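Architecture at a glance
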Amino acid sequence: MRHPSVRPAVRRGLAAGAAAALLATGAVVLTQAEAGAAAGCKVDYVKNDWGGGFTATATVTNLGDALNGWTLEWDFAGDQKVTSGWTGTFSQSGQHVTVKNASWNGSLATNASVAPGFQATYSGTNAAPASFKLNGQTCTGGTSSPPPTSPPPTSPPPTSPPPGTRVDNPFAGAKQYVNPEWSALAAAEPGGSKISNQPTAVWLDRIAAIEGVNGGMGLRAHLDQALKEGATSAEFVIYDLPGRDCAALASNGELGPTDIDKYKTQYIDPIAAIMSDAKYAGIHIVTVVEPDSLPNLVTNAGGTAGSTDACATMKANGNYVNGVAYALKKLGAIPNVYNYVDAGHHAWLGWDSNFNPTVQLFAQVADASGSKSNVHGFITNTANYSATHEPYFKVTDTVNGTTVRQSKWVDWNNYVDEQSYAQALRTALVGAGFDSHLGMLIDTSRNGWGGSARPAGPGPLTSVDDYVNGGRIDRRIHAGNWCNQSGAGLGERPAADPATGIDAYVWVKPPGESDGASQLVDNDEGKGFDRMCDPTYTGNARNGNNPTGALPNAPLAGHWFSAQFQELLKNAYPALP
Ligand code: BGC
């Protein structure tokens, strides 16, 4: 599977004092035309501050009459500057911030909330705004003019769907399943026993994988083995959409673009039948739903340099959306299944012009599944190499007055690493109506970037490029490179609750399994040859026409690649004992 990194076709720097999309909160406000209607609002402002920068959500609840169109305003007390936002359209003039509803969230019923969020920079102090106005009226937490004819609400509106039987975090306190097939391959490698007892995901990458390929374990065998191990959580990747891997070739699948019925009846239905077997009810079954598919619809399906005909076809025929919605619905109906939808990675979707449409598409697909509660969370960095955390530079840093966003490496992205991206995405998704307990996962199997090339501190302040390139731990030639990366190491070991909003670090891509062959290899798995896996290739629009940085002599995607496993051990960070 692949993660083409795609910068927006039109990349937008932020005009001074202006404007990014932002979330808006709606509260009651009277406009002249509505004079006489009851108005009232309250705002809950929550920020996550790392010093010099922060993200915040302003959840506005409309305590008055229903609104059709809303504008939220506040004044910052300091020099806070919004750099990007979501769930609304944001503009700033001096200290004054205005957020107007987006086209899709203008109506705000009585007691309904909307939660615009944003990222901002500041120096000095960063106090919360002292007051907010909704449609021109100060939010006091009550209603005004005229007095309500019915009693005011006595309790706040529910913000999350009624609790089901699912736990908040399926990884917390769980004993995670160790796949014996991967474990044996890892243990057979020199040094491999240091990690062969780690939990990794099982990829259901074709219909035959449900029963087991070439005498290997199928889904039932894995779940039975999980019971034997006393495991209480296990991870499976749902990965067989029609027209799979539309922006790359290495993981093209078995189903053609129109095979949606086959996907439903021969792939999802049998998986759901097994997962719903009562004997597995004690296992939290975590599903990673269709890596790369929805992100490809956002960035690679037309209008950008990286677009492909295959992605345009999948957008036009609707089968990615239909397939994912069907998977979410069927699997989401099983109380011990936890669906996590793939959300690309920061160097793919971190620009506003990709980020905001992604949030909207996720909401649309979840709604198409019947309910947003079919989605337990989202996963970033699946099978990719983006660092969880860049320790030596932040997106808010500047060098001689120039923002690091302007460096060649960052290229105007709003994020420089996965954790900040995952957390901001989570905030935006909650703002778009997903459950406030939404949890994120980060695939840390190969994003460690240790070894001798790892910088020991920040880069020099001679230029913004020197600073970023000297300090970044991600040593890829370009952040759009994704295949069997040389220099990569194992990342953080799987762990529950590692950071705010993050349910777990997981190893979804099993270390040692190839991303794709470095040359054409005949096969009956539907897999093609993607030149991003060829170390002699000089790149395409999705990696800025740079060399690929791929290791040579790689086998087909999913096949064991000993040289890569050894590279990952050598460059592990944290280092192995
Ligand atoms: C391949 C799958 C494989 C998975 C995990 C994907 O890139 O297409 O066949 O199971 O990686 O290694």
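It should be noted that the structure appears before, not after, this text.
These lines cover the structure that appears in this document, whether it is placed above or below. (Residues numbered from 1 in each chain as written. Predicted model: local features only at pLDDT ≥ 70, side-chain atom pairs only at ≥ 80, totals over all residues. Heavy atoms only, no water.)

To continue, consider the overall build of the chain. Along its length, the chain carries 11 helices and 23 strands. A buried classification covers 57% of the 577 residues belonging to the chain. For the chain, the proportion of contacts with a sequence separation of at least 24, taken over those separated by at least 6, is 78%. Entry remark: accessible area of the chain is about 21,200 Å², with carbon and sulfur atoms responsible for 52%. (Helix = DSSP H or I, 4+ residues; strand = E, 2+ residues; numbered from the N terminus. Buried < 20%, exposed > 50% of the residue type's maximum accessible area, 1.4 Å probe, protein only. Contact = heavy atoms within 4.5 Å. Areas by Shrake-Rupley, 256 points an atom, 1.4 Å probe, with all protein chains shown as cover.)

To continue, consider the sheet that holds strand β18 (residues 377–380). A sheet is described by the order of its strands in space; here eight strands give the open sequence β14-β15-β16-β17-β18-β21-β23-β22, paired in mixed fashion. The sheet terminates laterally at β14 (202–204) and β22 (495–499), the two strands that pair on one side only. Averaged over neighbouring strand pairs, the angle between their axes works out to 30 degrees when direction is ignored. For β18 and strand β21 (residues 439–443), the ladder comprises four bridges, and the chain directions are parallel. Looking across to β21, one finds that Phe378 is bridged to Met440. The strands touched by helix α3 (residues 260–275) are β14, β15 (233–238), β16 (284–289) and β17 (337–342); relative to β15, the strand with the most contacts, the crossing angle is about 175 degrees. (Pairing = 2+ DSSP bridges. Axes fitted to C-alpha atoms, helices over the stretch in contact; angles between N-to-C directions.)

All right, on to the sheet that holds strand β11 (residues 132–134) then. The sheet built from five strands is open, its strands ordered β6-β7-β4-β11-β12 with antiparallel pairing. Among the strands making up the open sheet, the edge pair consists of β6 (89–93) and β12 (137–138). Across five bridges, the pairing between strand β4 (residues 71–75) and strand β7 (residues 96–100) is antiparallel. Bridge assignment links Glu73 to a residue of β7, and that residue is Thr98.

On to the state of the cysteines. Scanning all chains against the criterion turns up three disulfides. Disulfide pairing is shown between Cys41 and Cys139; the S-S distance is 2.0 Å. Sign of the S-S torsion, about -100 degrees for the bond between Cys41 and Cys139, identifies this disulfide as left-handed. Here the residue Cys41 occupies a position in strand β1 (residues 39–49), and Cys139 occupies one in the loop between β12 and β13 (143–144), the gap between them amounting to 98 residues. Looking at Cys41, the relative accessible area reads 0%, which means it is buried. Since its relative accessible area comes to 15%, Cys139 is described here as buried. (Disulfide = S-S within 2.5 Å.)

Before going further, it helps to examine unusual backbone geometry. Residue Pro574 follows Tyr573 across a cis peptide bond; omega there is 0 degrees. Inspection of the secondary structure assignment puts Pro574 in the segment after α11 (562–570). The backbone of Glu290 sits at a positive phi, close to 50 degrees, despite the residue not being glycine. Glu290 sits in the buried class, given a relative accessible area of 1%. Not every positive phi belongs to a glycine, and Trp449 is a case in point at roughly 50 degrees.

Another aspect to go through is the environment of Pro494. With respect to the element layout, Pro494 can be found in the loop between α10 (464–471) and β22. Overall, Pro494 belongs to the buried group, its relative accessible area being 15%. Between the C-alpha atoms of Pro494 and Val508, which are 14 residues apart in sequence, the distance is 9.6 Å. Beyond its immediate sequence surroundings of up to four residues, Pro494 is in contact with Gln198, Pro199, Tyr505 and Trp507.

Attention now goes to helix α6 (residues 319–332). When the terminal C-alpha atoms of α6 are compared, their 19 Å separation across 14 residues agrees well with the 20 Å that a helix rising 1.5 Å per residue should span. Of all 14 residues that make up α6, 11 are buried, and the element is covered over most of its length. All buried positions along α6 are accounted for by Asn319, Tyr320, Val321, Gly323, Val324, Ala325, Tyr326, Ala327, Leu328, Leu331 and Gly332. (Expected span 1.5 Å × (residues − 1).)

We now examine the packing of aromatic side chains. Summed over all chains, the structure comprises 13 aromatic pairs. Both rings, one in Trp74 and one in Phe76, keep their centres 5.9 Å apart while their planes meet at 75 degrees; by these two values the pair is edge-to-face. The buried category is assigned to Phe76, whose relative accessible area is 1%. Aromatic rings pair up to connect Tyr45, Trp74, Phe76 and Phe132 into one cluster. (Phe/Tyr/Trp six-rings, centres within 6.5 Å; stacked < 30°, edge-to-face > 60°.)

This part covers the pattern of salt bridges. Applying the stated criterion across every chain, the model contains 14 salt bridges. For Lys570, the salt bridge is made with Glu567, and the minimal N-O distance between the two is 3.8 Å. Linking Lys570 with Glu567, this pair stays in helix α11, spanning three residues, or about one helical turn. Judged by its relative accessible area of 14%, Glu567 is buried. Put simply, Asp205, Arg206, Glu525 and Lys527 are held in one network by salt bridges that share partners. (Salt bridge = Lys/Arg side-chain N within 4 Å of Asp/Glu carboxyl O.)

Remember that the coordinates give geometry; whether it matters functionally is a separate question.
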